[in-house]
Amino acid sequence: MAGTGPADAIDTIVGFARTLRAAGVPATPGRVQSLIDALAVLDPTHRAHLYWAGRASLCGSHDDVERYDRAFEAYFGGEAPHERLRAIAPPRTSSLRPSLADALPPDGAEDDASVPVAVPDASAAEQLRHRDFAAMGDAERAMVDLLLDRLRLPGELRRTRRHRPGGTRDLDRRRILRSVLRQGGEPGRLHRRERRHRPRRVVLVVDVSGSMSAYATALLRFAHAASARGVTPTEVFTLGTRLTRVTTELAHRDPDTAMAAVSRAVPDWSGGTRLGPLLKELLDRWGQRGLVRGAVVVVLSDGWERGDIALLEQQMGRMARLAHRVVWANPRKAREGFEPTAAGLAASLPHVDDFVSGHSIAALEELADVVLGLRRAPVGTNRGSGGVDPYRARGVEPP
């Protein structure tokens, strides 16, 4: 235990949640985050506090309690002495509200025992929101995974051909006629209608090549959080040397199960990059009459291309004509002195509506706002305005 800290304690909580899931207790990421939030205001050095906070946060039914008790004793039994745990506990200040554990019933010897758990405060979580994924250690990634699981990717609303009652302009002639017939020909209320709105489909294309290996896992966790809620129609593809549709694999509610399924389905992890041919395959199979038409397409890639640049530029232009909007997220954009000098990126930017970074949780939150249409990050000349000059990016003079 010596030398451990808050990040190690988060690993302990995540490991305990996995043990509970293996025992049949549905310890979902949302419930685990509730436990972390509770421990931030309780005393994490007391075994009873952890027990009751975990039982209230992670158990969803009476049947879960027995499994929880067995898993708790197996996972936290025979831990280190109380004094050693005090050394790794986070500092508690008077600004914290009174402990909720005062309302818990006494539990005998458990009040004197302790568990090695330390929870980062809100400022630590805020720092993680802005930390580059590539600069994180394993313990920080465990905490970031929990934060990523809470992200949402709502789709931009679009008008459909169907109507619903409401509005102030369009008359609903059918309802008016039916109302007149029911009243024997007497005029009645003028009913009105308005167009229904539905979330526009979102297509995520995640680069899993070697140059994106430091970001691919976090971006796929983000894709899982975006696609697993079922509110916005979301399709997810990975590309490296092959194009793989992983929408079905990411449909698992448990993120660890989903990521394991994706790792088995993707054969080209950390390989080369063939953006042009794979985007052509995507548009040939799912473009013209399929998933891409009218959707918001998000390409998460650094733009390194080993193949034909002309083919990539041609396919990006084709995608721009089919999709409602094209958004490009490059994790390297946030680095100081960044210039879009990669040949593939420079060839793609003229056909991109919004160009953002995707290097951190805060950047992915900004990406979600861009997809929803709450903010814009325009780039290019053919579709957007302002931003990066594509001719300067390629090192050539404009015509």
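Note that the coordinates shown come from a computational prediction; the quantities given were computed from them, not determined experimentally.

Colleague: Would you explain unusual backbone geometry in this entry?
Modeller: Trans is the common state for peptide bonds, and a negative phi is the common state for residues other than glycine. Its identity is not glycine, yet S270 carries a phi of approximately 60°, on the positive side. Within the element layout of this structure, S270 appears in the loop between α10 (255–265) and α11 (275–286). The partly exposed category is assigned to S270, whose relative accessible area is 37%.

Colleague: Looking at this model, I keep getting lost on the nonpolar core. Mind explaining?
Modeller: Burial of nonpolar side chains together is a common tendency in soluble globular proteins. Ranked by size, the top nonpolar core spans 67 residues in total, and within it F133, L148, L204, V298 and L367 carry the most contacts. Discounting residues that sit within four places of it in the chain, L148 has contacts with F133, A218, R221, F222, A225, I361 and L364. Counting residues in each nonpolar core, the second largest holds 29 residues, with L291, L312, M316 and L322 among its members.

Colleague: I keep staring at the environment of L364 and nothing clicks. Help me out?
Modeller: Structurally, L364 can be placed in helix α14 (residues 361–372). Classification of L364 by relative accessible area gives buried; the value is 0%. Spatially, the C-alpha atom of L364 lies 9.7 Å from that of R152, the residues being 212 residues apart in sequence. Apart from the residues within four sequence positions on either side, L364 is in contact with F133, L148, L151, L219, F222 and G358.

Colleague: When you look at helix α12 (residues 309–322) in this model, what are you seeing that I'm missing?
Modeller: Spacing of three or four residues puts side chains on the same side of an α-helix, whose turn is 3.6 residues. The end-to-end C-alpha separation of α12 is 20 Å, in line with the 20 Å expected for 14 residues at 1.5 Å each. All of the buried residues in α12 are L312, Q315, M316, G317, M319, A320 and L322. If you follow the buried residues of α12, they end up packed against α11, β6 (296–300), β7 (325–329) and α13 (343–348). For α12, the N-terminal capping position is held by D308, with its side-chain oxygen 3.0 Å away from the main-chain nitrogen of A310.

Colleague: Just to check I follow, could you spell out the sheet that holds strand β8 (residues 354–356) for this structure?
Modeller: Note: strands within a sheet are paired through backbone hydrogen bonds, in either parallel or antiparallel orientation. Strand order across the open sheet formed by six strands is β5-β4-β3-β6-β7-β8, with mixed pairing between neighbours. Two strands lie at the open edges of the sheet, namely β5 (243–245) and β8, each paired on one side alone. With direction set aside, neighbouring strand axes in the sheet form an average angle of 20°. Where β6 meets β7, five bridges bridge the pair, whose relative direction is parallel. Bridge pairing links V297 to V326 in β7.

Colleague: Looking at this structure, how should I read the pattern of salt bridges?
Modeller: Opposite charge on two side chains permits pairing when their charged atoms draw close. The full count for this structure, using the stated rule, is twelve salt bridges. For R245, the salt bridge identified is with E235, shortest N-O distance 2.9 Å. Here E235 lies in strand β4 (residues 234–239) and R245 lies in strand β5, a separation of ten residues in the sequence. Among the residues examined, R245 registers a relative accessible area of 38% and is labelled partly exposed. The class of E235 is buried, set by a relative accessible area of 11%. Among the salt bridges present, the one from K280 reaches D284, with a minimum N-O distance of 2.9 Å. Residue K280 and its partner D284 are located together in helix α11, separated by four residues, close to a single helical turn. Accessibility expressed as a relative area gives 33% for K280, which makes it partly exposed. For D284, a relative accessible area of 43% translates into the label partly exposed. One connected set of salt bridges, linked through shared partners, spans R18, R21, R221, D254 and D256.

Definitions and cut-offs
- Residues numbered from 1 in each chain as written.
- Predicted model: local features only at pLDDT ≥ 70, side-chain atom pairs only at ≥ 80, totals over all residues.
- Heavy atoms only, no water.
- Helix = DSSP H or I, 4+ residues; strand = E, 2+ residues; numbered from the N terminus.
- Buried < 20%, exposed > 50% of the residue type's maximum accessible area, 1.4 Å probe, protein only.
- Core = buried A, V, L, I, M, F, W, Y, C linked by side-chain atoms within 4.5 Å.
- Contact = heavy atoms within 4.5 Å.
- Expected span 1.5 Å × (residues − 1).
- Polar contact = N/O pair within 3.5 Å; in protein donor to acceptor, adjacent residues only side chain to side chain.
- Pairing = 2+ DSSP bridges.
- Axes fitted to C-alpha atoms, helices over the stretch in contact; angles between N-to-C directions.
- Salt bridge = Lys/Arg side-chain N within 4 Å of Asp/Glu carboxyl O.

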